Amino acid sequence: MSKPLLVVVDDEPDIAAFVGDVGEYVGFDVVTTNSSRKFQQACLSTPPAAIVMDIVMPDIDGIELIGWLSEQKISTPIIIMSGYDGYIGMTELLGEKQGLTIVGTLTKPFRIDDIEPLLLKIIGKNK
């Protein structure tokens, strides 16, 4: 039986890798990328079971990606993360207004104990 897919997008490679490692630990297959365009390609090629996405990125930012996910009618649970706390609430509200499932938010820097319960919630495991 294959594992559910987690797609992580963050322009900071270390953070994307960290989130990916936690995702693998809790039972996901993981695709990480530092490019919003590659994130879009990944979401279209194999629909993910979960998405963890940064908001502030250089090519296409998280707010634009929220709109794109809505246009694509992607109903995947999403975790939003950012080092800019003020953007998180606005992006979460925008996503919910556009019919997306936002299951949580993370303010950078965060710890394993912050992200693990959110991923476990999505994958359907109890901690």
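In this report, we go over the structure that sits alongside the text. (Residues numbered from 1 in each chain as written. Predicted model: local features only at pLDDT ≥ 70, side-chain atom pairs only at ≥ 80, totals over all residues. Heavy atoms only, no water.)

Along the protein, the regular secondary structure elements total five helices and five strands. Secondary structure elements of the protein, listed N to C terminal, follow the sequence β-α-β-α-β-α-β-α-β-α. Along the longest, intermediate and shortest principal axes, the C-alpha atoms of the protein span 30 × 30 × 25 Å. Intrachain contacts of the protein at a sequence separation of at least 6 include 69% that bridge at least 24 residues. (Helix = DSSP H or I, 4+ residues; strand = E, 2+ residues; numbered from the N terminus. Contact = heavy atoms within 4.5 Å.)

Before going further, it helps to examine the packing of helix α1 (residues 13-26) against helix α5 (residues 112-123). As a packed pair, α1 and α5 sit with axes 10 Å apart at the nearest point and diverge in direction by 50 degrees. Relative to α5, the element α1 lies oblique. The hand of the α1/α5 crossing is right-handed. On α5, the residues that touch F18, V19, V22, G23, Y25 and V26 of α1 are I112, I115, E116, L119, L120 and I123. (Axes fitted to C-alpha atoms, helices over the stretch in contact; angles between N-to-C directions. Parallel < 35°, antiparallel > 145°, perpendicular 65-115°, else oblique. Left-handed = near helix turned anticlockwise from the far one by under 90°.)

Another aspect to go through is the sheet that holds strand β3 (residues 50-54). In space, the five strands of this open sheet follow the order β2-β1-β3-β4-β5, with parallel pairing throughout. In the strand order of this sheet, the two ends are held by β2 (29-33) and β5 (102-107), each with one partner. When the angles between neighbouring strand axes are averaged without regard to direction, this sheet yields 15 degrees. Pairing analysis gives four bridges linking strand β1 (residues 5-9) to β3, with the strands arranged parallel. Residue V7 lies in a different strand from β3, and its bridge partner there is I51. Across the face of the sheet, helix α2 (residues 36-45) comes into contact with β1, β2 and β3 while running at roughly 165 degrees to β1. Against the sheet, helix α3 (residues 62-71) engages β1, β3, β4 (78-82) and β5, with an angle of about 150 degrees to β3. (Pairing = 2+ DSSP bridges.)

Moving on, we get to the side chain of T91. Note on placement: T91 falls in helix α4 (residues 85-97). Judged by relative accessible area, T91 falls into the buried class, the value being 0%. Contacts of T91, omitting those with residues within four sequence positions, involve I55, I63, I66 and I80. (Buried < 20%, exposed > 50% of the residue type's maximum accessible area, 1.4 Å probe, protein only.)

On their own, these measurements won't tell you what the molecule is for.
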